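Notes for the structure review
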Amino acid sequence: MRLRKRRQRFSSCSSLHRVDEDEVYWRQEKDDEELEWTHKSTPVILQFVQCFTNAMVGQRSTIGGLFTRSNNKRTKNLLISYQEQRLQKLHERLQMPFDETSTDHQEALRALWNAAFPNVFLKGLISEQWKEMGWQGSNPSTDFRGCGFISLENLLFFARTYPASFRRLLFKEDGMRATWEYPFAAAGINVTFMLIQMLDLSSAKPRCLPGINFVKLLEEDEAAFDVLYCIAFEMMDAQWLAMRASYMEFNEVLQATRTQLERELSLEDIHQMQDLPAYNLLYN
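Everything quoted here is computed from the prediction, not taken from an experiment. Every chain is numbered independently, its residues counted from 1 as its sequence is written. Per-residue local features of the predicted model are confined to residues with pLDDT of at least 70, and side-chain atom pairs are confined, for both listing and counting, to 80 or more; whole-chain, interface and lining totals are unaffected and use all residues. In computing side-chain properties, one takes all heavy atoms of the structure into account and sets aside hydrogens as well as water.

**Details of the packing of aromatic side chains**
By convention here, two paired aromatic rings are described through the distance between centres and the angle between planes. When two rings of Phe, Tyr or Trp (its six-membered ring) have centres within 6.5 Å they constitute a pair, described as stacked for plane angles under 30 degrees, edge-to-face for angles over 60, and tilted for the intermediate range. In the structure shown here, the tally under the stated rule is 14 aromatic pairs. Note on Trp135 and Phe144: the rings are 5.0 Å apart at their centroids and 65° apart in plane angle, and the pair reads as edge-to-face. For the pair Phe166 and Phe184, a centre-to-centre distance of 5.2 Å together with 85° between the ring planes defines the contact as edge-to-face. Here Phe184 lies in helix H5 (residues 184-198) and Phe166 lies in helix H4 (residues 163-170), a separation of 18 residues in the sequence. Members of the aromatic cluster, joined through ring pairs, are Phe158, Phe166, Phe184, Tyr229 and Phe233. Across the ring face of Tyr182, the terminal group of Lys172 is positioned such that the distance to the ring centre comes to 4.3 Å. In this description a helix means any DSSP run of H or I spanning at least four residues, a strand means any run of E spanning at least two, and both kinds are numbered starting from the N terminus. Note on geometry: a ring has a charge over it if NZ (lysine) or CZ (arginine) is within 6 Å of the ring centre and within 35 degrees of the ring normal.

**A word on the nonpolar core**
Only buried Ala, Val, Leu, Ile, Met, Phe, Trp, Tyr and Cys residues count toward a nonpolar core, and they belong to the same one when joined by side-chain atoms within 4.5 Å. Only protein chains enter the calculation, and the probe is 1.4 Å; a residue is then buried if its accessible area is under 20% of its type maximum, exposed if over 50%, and partly exposed in between. With 68 residues, the main nonpolar core has Met133, Leu195, Phe214 and Phe233 as its most contacted residues. Of all the secondary structure elements, the ones that give two or more residues to this core are helix H1 (2-94), helix H2 (103-116), helix H3 (149-161), H4, H5, helix H6 (209-220), helix H7 (224-242) and helix H8 (250-265). In terms of residue count, H7 provides more of this core than any other element does, 12 residues in total. Leaving out residues up to four positions away in the same chain, Phe214 has contacts with Leu90, Leu199, Leu201, Ala224, Phe225 and Leu228. Should any heavy atoms of two residues lie within 4.5 Å, those residues are considered in contact.

**Concerning H2**
The end-to-end C-alpha separation of H2 is 20 Å, in line with the 20 Å expected for 14 residues at 1.5 Å each. Among all positions of H2, only His105, Ala108, Leu109, Leu112, Trp113 and Ala116 are buried. Down the axis of H2, the buried set is contained in an arc of 140°. They therefore lie on one face. Turned more than 90 degrees away from the buried face of H2, the exposed residues are Thr103 and Asp104. Contacts made by the buried residues of H2 are with H3 and H4. Contacts described as polar in this section are N or O atom pairs within 3.5 Å, which, within protein, must combine one atom able to donate a hydrogen with one able to accept it, while residues neighboring in sequence count only if both atoms come from side chains. A side-chain oxygen of the first residue of H2 lies 3.4 Å from the backbone nitrogen of Asp104; this N-cap is Ser102. For a helix, the expected span equals 1.5 Å multiplied by the number of residues minus one. In this description, one arc is meant: the one made by directions from the helix axis to the C-beta atoms.

As structure tokens, this is what we get:
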């Protein structure tokens, strides 16, 4: 009995041992198959990952391009809006008449006198003294009816920004002058009126090339109109001397000035006021 039991136990152990060997064998076979599948599938997986990455990069590039174009368009719209705002502000200035009852307008007129004659006491806003500056009568407000308050603003800007040029033209210091000189203040109002016409500023948007290019300059410099006024005044005086003109030829001089200024504003490489060739005529 004991021997039989031993044999049975041994038989059982041998059976267990064979089962373990079989299990190890099949497990090894399975591992080998999985390893072989991994080796075969790795290039496919890598290719899939690469394709996925390329797709994402391409999509991101496309999205980035869309954002870039969107930002460029937004920036362009902002610039156009900024340009339109300054043009609208200039239009508002053009529409403002001179009001001799306005305290601000009266102070601007006194400031102009003090800039022209700092050591001469002004007796009043209506005085024969104004004729010394080149106004047509004793009351300058009557001369502003053609262009409004902006013509006074132009003269005052000229006096404050380019005082040397202002005084040189006011007192006719350069060149061989005519017996009958142009009246300084009245000429200044005519320069303002000439610019408004030349730049087509009576329209919502200028349609002529000088006007279109001027609006671009206005985008760069809010004071572009006032600076252009000073340049035009200097050009007008230079034409006056070159033509050896007299009082009766003032309109011809002004027309020649307009033609020259239109030519300069039509140049392709004008990006700021300082690029205009005639800008060099100005002295601070």
